[in-house]
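Spelled out from the first residue to the last, the chains are:
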Amino acid sequence: MLSNESLQSPAFSRSNSQASVDSASMEDFWREIESAKESSMGALEEPTPAEAKPVDEGELEAEWLEDVGLSALISGDEEEDGKALLSTLTRTQAAAVKKRYNTYTQTMRKKNKHPVRDVRDIFGVSESPPGDTCDSHPSQLDDTREEKELPGIIKTGGSLPDDASLNSTTLSDGSLDEEEGFAVPRSGSVSILETIPDTPVHSNGSADPGQSVQNAVSDDDYLEKNISSETEELSYEVSYSEMVTEAPKRNKLKKSDFKKEDYVLPKFIVQKTRFGLTEAGDLSAEDMKKIRHLSLIELTAFFDAFRIQLKRNKTEKVKGRDSGIFGVPLTVLLDSDRKKDPGVKVPLVLQKFFEKVEESGLESEGIFRLSGCTAKVKQYREELDAKFNADKFKWDKMCHREAAVMLKAFFRELPTSLFPVEYIPAFISLMERGPHIKVQFQALHLMVMALPDANRDTAQALMTFFNKVIANESKNRMSIWNISTIMAPNLFFSRSKHSDCEELVLANTAAHIIRLMLKYQEILWNVPAFLITQVRRMNEATMLLKKQLPSVKKLLRRKTIERGVTSPKTSKVLQKSPSTRRMSDVPEGVIRVHAPLLSKVSMAIQLNSQTTAKDILAKFHCENSHGSSEYIKIQNQRLYEIGGNIGQHCLDPDAYILDIYHANPQAEWVIKPQPSV
């Protein structure tokens, strides 16, 4: 039997009262493990991992490069999106990519596989003058002193705040094209996008030639800042990994002595930019894909800065079921559900489980501790698999206890866990170095942003539901500690075998991560502003790359001429491009807002420095408030920024539109319903 000491979290110390809570919670954990084993024996079909093959470091790094959208570095293909991604990287992000790419190429050479071409032979790099190389700025992020230049990386100054002008982006020789805001490479330029920036940069993107960036930080410097544990400010404007590397330069922070009774989860106040806050659902699917790629790169760079390896095992490939409810991948369930409701983001069966518990179980004592009637649970499982998709399952006969049991089984039997368990060791290392919650939140924030859409949307709905359960703690006896400990083995699971000691450490860390998610539910799903800035730059760079392809330019020119002759209608459309329309129809500082679903469908609005999205909505409200139906319509509307350097952006009501207008002059402005969560 485990001693009380062994039940303590390995990551931080707690008071005696908290230790007793831990002991009780860990009893819940082991009970949950036993319950999971029993239920798996009665499951209809236990998913089995595909036969694991030994993998080397090079293969893992190749998988990482593919996961972050840089498969072109492996294939050698000329690919605009990959080049555009590389062009936006901050110094720490670029170093993380270099490190993985070098490991991959070195491993491939050692294995004597097909020859790996040097990147200089593929893309070419300009020779740097003496003393102007990365070697003049030693970096803890790089494993070797001599590293190859990554193909296709632009010389940038790092990540800009989201409210900075994006027209200052420089490409190739650094010149700006006055008309388009992009640089056009001069003849003789070796490539459109060249090398990792060698000039040290501030975390806000401005160059600082006189100082070098120290890319490693000690525990004394950043992890344990002596700040009030009650309230802290949190900024989304600056890259987290850049923030880490800049911390030692700003001031030398003395290590603080945290007493056991001082351990609390602080409240974070997010600093709003003039662009407002953006949630994941506010961006287009294509832009969120880029956010995921950048988030994984940033997460890797963040751990690199603390000398922690974000080592991942080869992804466990488990064959999921193609039909039914349990053991079916989230994406398969959502594809089926969208035939009924095209806008659904969370599996309908999961929403039903939430509803059943909320109907009568929120005040039920030990709602997620109890196992329910085994025979009924088995019967309902079989009926759900057979009848749910045909809308023939009778929900009124199910008790809230059975719904809670099946909710846990739903997540436990997914082909892969809702959250990536392979990142847990890195979180363990980070937590062992100090109790500073802000650092842990930043790592968690990036992990959440890197999740697939289905996982992230489901996680958000799940945490919202659990906070409703916790709000009734006085009656149901389900605290944040109980919920997190019980759900840890269901949300973070691995089918690999672990000893009891290893399983306990993993469970404690997973439970702590869930506690952070529950505590910071309201801010966890905001997309960091620095990542949105990088997406804007990616889109601008992609447009430039496509524009500069000679064959494409000739083809488009020929097609334009042909269409102009054969189709006057098309010619008129071409003449009404956003840039032409801005110059001819709409004066500077004025936007035309379209509201196709309202009676007042269009309005020209003069912007000033204080005009917000809610001000524009208010103008349309005045023009469309003649009837009750129109009033209801406008109440559910949001202002969108569409096109230009963003796919689609549902704006925060407090966002200052003039700043967005300057950052994305080619955008269209549309009022339409906000997507459902």
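Counting restarts for each chain: residues are numbered from 1 in the order of the written sequence. Reporting in this predicted model follows two pLDDT cut-offs: at least 70 for local features of residues, and 80 or more for side-chain atom pairs to be given and counted; totals over whole chains, interfaces and linings ignore these cut-offs and use all residues. Neither water nor hydrogens contribute to the side-chain values; these are computed over all heavy atoms in the structure.

- Per an unreviewed UniProt entry, the recorded name for the protein is Rho GTPase-activating protein 28 isoform X4, and the organism is Camelus bactrianus.

### Concerning the overall build of the protein
Alright, step 1. Put simply, DSSP H or I for four residues or longer makes a helix, DSSP E for two residues or longer makes a strand, and each gets a number counted from the N terminus. Counting its secondary structure elements, the protein contains 27 helices and seven strands.
Alright, step 2. For each residue, the accessible area found with a 1.4 Å probe, counting protein chains only, is set against the maximum for its type, and the residue is called buried under 20%, exposed over 50%, and partly exposed in between. Residues classed as buried in the protein amount to 52% of the 677 residues present.
Alright, step 3. Contact definition: two residues touch when any of their heavy atoms are within 4.5 Å. In the protein, the proportion of contacts linking residues at least 24 apart, taken out of those at least 6 apart, comes to 79%.

### Regarding the packing of aromatic side chains
Here the distance between the centres and the angle between the planes together describe a pair of aromatic rings.
Alright, step 1. Stacked, tilted and edge-to-face are the three classes assigned to paired rings of Phe, Tyr and Trp, where Trp is represented by its six-membered ring and a pair needs centres within 6.5 Å; plane angles under 30 degrees give stacked, over 60 edge-to-face, the rest tilted. Inspection of the entire model under this criterion finds 18 aromatic pairs.
Alright, step 2. Ring centres 5.5 Å apart and planes at 50° place the aromatic pair phenylalanine 268 and phenylalanine 441 in the tilted group. Taken together, the residues span a long stretch of sequence, with phenylalanine 268 in strand 2 (residues 267-270) and phenylalanine 441 in helix 15 (residues 437-449) at a distance of 173 residues. Residues phenylalanine 268 and phenylalanine 441 agree in their burial class; the two are buried.
Alright, step 3. Plain terms: the ring middles of phenylalanine 388 and tryptophan 395 are 6.2 Å apart, the flat faces sit at 90° to each other, and that makes the pair edge-to-face.
Alright, step 4. Taken together, the ring pairs in this structure connect Phe353, Tyr380, Phe388, Phe393 and Trp395 into an aromatic cluster.
Alright, step 5. The criterion for a charge sitting over a ring is simple: Lys NZ or Arg CZ within 6 Å of the ring centre, and within 35 degrees of the ring normal. Above the face of the tryptophan 481 ring, arginine 515 is positioned so that its terminal group lies 3.9 Å from the ring centre.

### Considering the confidence of the model for the protein
Alright, step 1. Per-residue confidence for the protein gives a mean pLDDT of 75; residues scoring 70 or more make up 63%.
Alright, step 2. Across the protein, the element-wise mean pLDDT spans from 40 in helix 23 (residues 568-575) up to 97 in helix 16 (residues 453-470).
Alright, step 3. Segment residues 152-228: pLDDT under 50, and 220 contacts once partners within four positions in sequence are set aside and those in other chains are kept.
Alright, step 4. A residue's pLDDT is the confidence the predictor assigns to it, expressed on a 0 to 100 scale. Confidence over residues 565-584 falls short of pLDDT 50; this stretch has 14 contacts with residues more than four positions distant or in other chains.

### Brief notes about the nonpolar core
Alright, step 1. Within this scheme, the nonpolar core is defined by two criteria: the residues are buried Ala, Val, Leu, Ile, Met, Phe, Trp, Tyr or Cys, and they are joined through side-chain atoms within 4.5 Å. Membership of the largest hydrophobic core comes to 123 residues, with the highest contact counts inside it found for Phe353, Leu384, Leu407 and Phe410.
Alright, step 2. Residues in contact with phenylalanine 410, not counting those within four places in the same chain, are Ile325, Phe326, Leu330, Leu333, Pro347, Val349, Leu350 and Phe353.

### Focus: the packing of helix 9 (residues 285-305) against helix 15
Alright, step 1. Lines fitted to C-alpha atoms define the axes here, with helix axes fitted over just the stretch in contact, and angles between the N-to-C directions of these axes take values from 0 to 180 degrees. Here helix 9 crosses helix 15 at 150°, and the two axes come no closer than 8 Å. Our classification of the angle between helix 9 and helix 15 gives roughly antiparallel. For the pair helix 9 and helix 15, the sense of crossing is left-handed. Seen from helix 9, the contacting residues are Ile291, Arg292, Ser295, Glu298, Leu299, Phe302 and Phe303; seen from helix 15, they are Val439, Gln442, Ala443, Leu446, Met447 and Met449. Any angle that is under 35 degrees is reported as roughly parallel, and any over 145 degrees as roughly antiparallel; angles of 65 to 115 degrees are reported as roughly perpendicular and all others as oblique. If you view the pair so one helix is near and one far, a crossing is left-handed when the near helix is turned anticlockwise from the far one by less than a right angle, and right-handed when it is turned clockwise.

### Concerning unusual backbone geometry
Alright, step 1. We note that arginine 307 has phi near 60°; this positive angle belongs to a residue other than glycine.
Alright, step 2. Looking at where arginine 307 falls in the secondary structure, it is placed in the loop between helix 9 and helix 10 (330-337).
Alright, step 3. Looking at arginine 307, the relative accessible area reads 46%, which means it is partly exposed.
Alright, step 4. In this structure, aspartate 391 takes a positive phi of about 60° despite not being glycine.
Alright, step 5. Looking at the secondary structure, you find aspartate 391 in the loop between helix 12 (374-387) and helix 13 (400-412).
Alright, step 6. Since its relative accessible area comes to 59%, aspartate 391 is described here as exposed.

### Considerations on the packing of helix 9 against helix 21 (residues 529-547)
Alright, step 1. Interaxial distance between helix 9 and helix 21 falls to 10 Å at its minimum, and their mutual angle equals 120°. Here helix 9 lies oblique to helix 21, going by the angle between them. Between helix 9 and helix 21 lies a crossing whose hand is right-handed. For the pair helix 9 and helix 21, contact is made by Asp287, Lys290, Ile291, Leu294, Ser295 and Glu298 and by Phe530, Leu531, Ile532, Gln534, Val535, Met538 and Asn539, respectively.
Alright, step 2. Amino acids outside the nonpolar list (Ala, Val, Leu, Ile, Met, Phe, Trp, Tyr, Cys, Pro) and the charged list (Asp, Glu, Lys, Arg) are all regarded as polar, and Gly is one of them. Here the contact of helix 9 with helix 21 is built from residues that sort into seven nonpolar, three polar and three charged.

### Brief notes about the sheet that holds strand 6 (residues 646-650)
Note on sheets: strands pair through backbone hydrogen bonds, and any given pair is parallel or antiparallel.
Alright, step 1. One bridge is not enough; two strands pair if DSSP finds at least two bridges between them. Taken in spatial order, the five strands make up an open sheet running 4-3-7-5-6, and their pairing is mixed. Bordering the open sheet on either side are strand 4 (602-606) and strand 6, each of which pairs with just one other strand. Looking at each pair of strands side by side, their axes are set apart by 25° on average, direction ignored.
Alright, step 2. Relative to strand 6, strand 5 (residues 637-643) runs antiparallel, the two sharing four bridges. By the bridge assignment, isoleucine 642 is partnered in strand 6 with glutamine 648.
Alright, step 3. Across the sheet, helix 21 lies against strand 5 and strand 6, angled at about 150° from strand 6, the strand it touches most.
Alright, step 4. Its contacts with the sheet place helix 25 (residues 613-623) against strand 3 (590-594), strand 4, strand 5 and strand 7 (668-673), and it is angled at close to 135° to strand 4.

### Quick notes on the pairing of strand 1 (residues 231-234)
Alright, step 1. Only one face of strand 1 is buried, namely the one carrying Glu232 and Leu234, since none of Thr231 and Glu233 on the opposite face is buried.
Alright, step 2. In this sheet, strand 2 lies alongside strand 1 in parallel orientation, the contact comprising four bridges. Looking at the pairing, leucine 234 lines up with valine 270 of strand 2.

### Focus on the environment of tyrosine 240
Alright, step 1. Residue placement: tyrosine 240 occurs in helix 8 (residues 240-250).
Alright, step 2. Looking at tyrosine 240, the relative accessible area reads 0%, which means it is buried.
Alright, step 3. A sequence separation of 203 residues divides tyrosine 240 from alanine 443, and the C-alpha atoms of the two residues are 8.6 Å apart.
Alright, step 4. A distance of 2.9 Å separates polar atoms of two side chains, one belonging to tyrosine 240 and the other to histidine 445. Any pair of N or O atoms that falls within 3.5 Å is considered a polar contact. Within protein, one atom must be able to donate a hydrogen and the other to accept it, and sequence-neighbouring residues count only if both atoms are side-chain atoms.

### Some details on the pattern of salt bridges
Close approach of charged atoms lets side chains of opposite charge pair.
Alright, step 1. For salt bridges, the criterion is a side-chain nitrogen of Lys or Arg within 4 Å of an Asp or Glu carboxyl oxygen. Applying the stated criterion across every chain, the model contains 19 salt bridges.
Alright, step 2. Among the salt bridges present, the one from arginine 321 reaches aspartate 385, with a minimum N-O distance of 3.3 Å. On the criterion of sequence distance, the pair formed by arginine 321 in the loop between helix 9 and helix 10 and aspartate 385 in helix 12 is long-range, its members being 64 residues apart.
Alright, step 3. Residues arginine 536 and glutamate 641 are paired through a salt bridge, measuring 2.8 Å at the closest nitrogen-oxygen approach. Highlighted residues: arginine 536 in helix 21 and glutamate 641 in strand 5, separated in sequence by 105 residues.
Alright, step 4. Using a relative accessible area of 0% as the deciding quantity, one classes arginine 536 as buried.
Alright, step 5. One continuous salt-bridge network, built from bridges that share partners, spans Lys272, Lys614, Asp652 and Asp654.

### Quick look at helix 16
Alright, step 1. A helix is expected to span 1.5 Å for every residue after the first. Over its 18 residues, helix 16 extends 26 Å from the first C-alpha to the last, a length consistent with the 26 Å expected when each residue adds 1.5 Å.
Alright, step 2. Burial analysis of helix 16 places 13 of its 18 residues in the buried class, the great majority of the element.

### So, the side chain of asparagine 645
Alright, step 1. Tracing the sequence through the fold places asparagine 645 in the loop between strand 5 and strand 6.
Alright, step 2. Polar side-chain contacts of asparagine 645 include one of 2.8 Å to the side chain of arginine 536.

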